[in-house]
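A look at the structure
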Amino acid sequence: MRLPSFLFAVVLTLTATPGAATVEPPSATPLRYRISFENRAHREARVQLRISDVGPGPVALRMARTSPGRYALHEFAKNVYDVVVTDGQGRAVQVDRPDPHQWTVSGHGGEIRVAYTLYADRADGTYSQIDQSHAHLNVPATFMFAPDLLERPVELAVDIPAGSGWSVATQLAPTDDPAVFRAPDGHYFMDSPLEIAALDRRSWTVTTAHGPKTLQVAMHHQGTPAEVDRYADQARAITAELAAVFGGWPDFDFETYTFLACYVPWASGDGMEHRNSTVLTSTGSLARSMTGLLGTVAHEFVHAWSIERIRPATLEPFDFEAANMSRELWFGEGFTSYLDDVALVRAGVIDTDDFVRRVGGTAAQVVAAPGRRFFSPVEMSMQAPFTDAATSVDPTNRGNTFLSYYTYGAGVGLALDLTLRGRFDDVTLDDLMQEMWRRHGDPERPYDVDDIEAALAAVTDDAGFARDFFDAYVRGREAPDYAALFRGVGVVWGEDDDAPVYLSAASLRYEDGGVTVASNTRAGDPLYEAGVDRGDRLVRVDGVALDGPDALAGILEGAAPGDRLQVTVEGRGASRTVAVEVQRRPAWSAAVDPDAPSEAVRRRTDWVASKAGR
């Protein structure tokens, strides 16, 4: 996402809208927003914007099409209506609509006033939700912006509904008025979500090289104060472990980092990083889902270093009007997914056995994924605009072509960490992350794939190793030898010889006297190899009708790997009988080896041990 210009030393080139006002210096008059919630029962907010001291030319106002931390298009203008635009005296002005996202204002006399209604009913990291319990606001989904005025400071006033008990949590700079906030420029404003509700708050102070900083939890939830206390205590332990991974704390702007947590049944599960805050949403409760919620805390807090400050060059500057493609998400998101589990075990949130099961599952997904035939981790990262909460109505073959860059990258990070532990003295993935922090995070110098390889070469003092690793597992499509790597830390990992037989990893649904293949079959599974796919209907196996919901399961109970079944299939206007060779369902397991040699036990102990010195 685009970092504020006063915080990030990088040249910014703005694409000016033809005929629009020129870019203003940071000292220019602020853009002033106000938001109110009179009709919140119907999921509506009213937004006002006042822009003063603009030149005589047309001014373009837009709703964003993307949002920081999301890489696909989301078209936020679709929920904006009842737009009224006037000059500073309330007189009508000329408004043109060159596309669905823009309002071009002419004849404004130097001041523009805009008011519009926003409908919002999805609480996650991308969208906004407004109701009688809260206002959950993602800024690009909520507020119009002026592309040619992004360098101006911003002021936001929030009208708190009377009697609601709401307060505002945000990374925006506070003022003497608890309902008024400021941003140094439009880039920072667009990166600053808000949770406005009856919030439960906890905070703690950390000592950093930049002075004391406050970390705070602001939570909208239905749990108990004791549950929030436990959550905050464990979040504190997690954040300390991650500071140890990176070798120090970020210099949080305005001296504060905020966890904006919304855990209510009407939210949608998500986590979204921002420069000095993160959005955490879930339908899960603190009572039922504490460990999972803390996993998202860990993942998003890694981003305070990686993505927010150790920043891919391909995401600079963030484009609010087009899909954003990056080649580095296997690192920025994937290594983060590995490190969130590392943080959980080192902080004592999960135990070693659980940690081993989790990373063993990651390895299994990488090995089993047919998508590796088509895309390396770098190439898979470039698929994000199609997969990162992206929507389309035409079917895709993602099950056979896509392995999430979260999972793929986590598998690469796991393999690299175990390789370093086994091959080099006193070098681990922590050292690579600290080197990336020194080279790119602390000075906020964007990086590319070659820069990560160079950092690996530096910490290992072995450029050949770094080159070979990247050629095989980052730019290449090979799967690491996880069994050997796990043995090096005293873990047994491998295929499960006792897994049941199966016909397909696809969803199979009994209906109307047959079994319908409800999703794409997966390359290599029995039905795929027999030419059966989504929409086909299995009606008989070896002459036995599939006339009940348990009929297919009963047949498979009596089958063994290698058995060939004659399956009658109906689909696309034809009936055929195909031979299906039964296979054992692919499954892997990972467990601590009680008989591991002492050196492997030493490595495993160091792998999971706390580094925060608590």
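To keep things clear, this report deals only with the structure shown in the data block. (Residues numbered from 1 in each chain as written. Predicted model: local features only at pLDDT ≥ 70, side-chain atom pairs only at ≥ 80, totals over all residues. Heavy atoms only, no water.)

1. Some points on the pattern of salt bridges
Where charged atoms of side chains with opposite charge meet at close range, the side chains can pair. Quick reminder of the rule: By definition, a salt bridge exists where a carboxyl oxygen of Asp or Glu is found within 4 Å of a side-chain nitrogen of Lys or Arg. Numbering goes from the N terminus for both helices and strands, where a helix is a DSSP run of H or I of at least four residues and a strand is a run of E of at least two. For each residue, the accessible area found with a 1.4 Å probe, counting protein chains only, is set against the maximum for its type, and the residue is called buried under 20%, exposed over 50%, and partly exposed in between.
Tallied over the entire structure, the rule returns 39 salt bridges. Salt-bridge contacts for Arg275 lead to Glu444; the nearest nitrogen and oxygen are separated by 2.9 Å. You can see Arg275 sitting in the loop between β18 (270-274) and β19 (277-282) and its partner Glu444 sitting in the loop between α11 (429-441) and α12 (449-460), a full 169 residues away along the chain. Accessibility assignment for this pair places Arg275 and Glu444 in one class, buried. Salt bridges sharing common partners tie together Asp417, Arg421, Asp606 and Lys611.

2. Concerning the sheet that holds strand β4 (residues 80-87)
So the rule is basically this: When DSSP locates at least two bridges between a pair of strands, those strands are taken to pair.
Across the sheet, which stays open at both edges, the 7 strands sit in the order β4-β7-β2-β1-β10-β13-β12 with mixed pairing between neighbours. Sheet topology places β4 and β12 (173-174) at the edges, where each strand pairs with a single neighbour. Bridge count between strand β2 (residues 44-52) and strand β7 (residues 111-119): 9 bridges; the pairing is antiparallel. Bridged to Val47 within β7 is Tyr116.

3. Digging into the packing of helix α6 (residues 352-368) against helix α10 (residues 405-423)
Note the following rule: Axes here mean lines fitted to C-alpha atoms, for a helix over just the part in contact, with angles spanning 0 to 180 degrees between N-to-C directions. Here a crossing is taken to be left-handed if its near helix is turned anticlockwise relative to the far helix by less than a right angle, and right-handed if that turn runs clockwise. Contacts were defined at the residue level, with two residues in contact if any of their heavy atoms lie within 4.5 Å. Lys, Arg, Asp and Glu make up the charged group, whereas Ala, Val, Leu, Ile, Met, Phe, Trp, Tyr, Cys and Pro make up the nonpolar group; the residues left over, Gly among them, are polar.
Two elements in contact, α6 and α10, have axes separated by 9 Å at closest approach and are oriented at 115 degrees. Note that α6 runs across α10; the crossing there is left-handed. Counting all contacts with α6, which are made through Val359, Thr362, Ala363, Gln365 and Val366, the residues of α10 involved are Thr407, Tyr408, Ala410, Gly411 and Leu414. Classifying every residue of the contact of α6 with α10 gives 6 nonpolar, 4 polar and no charged.

Honestly, it's all geometry; don't read function into it.
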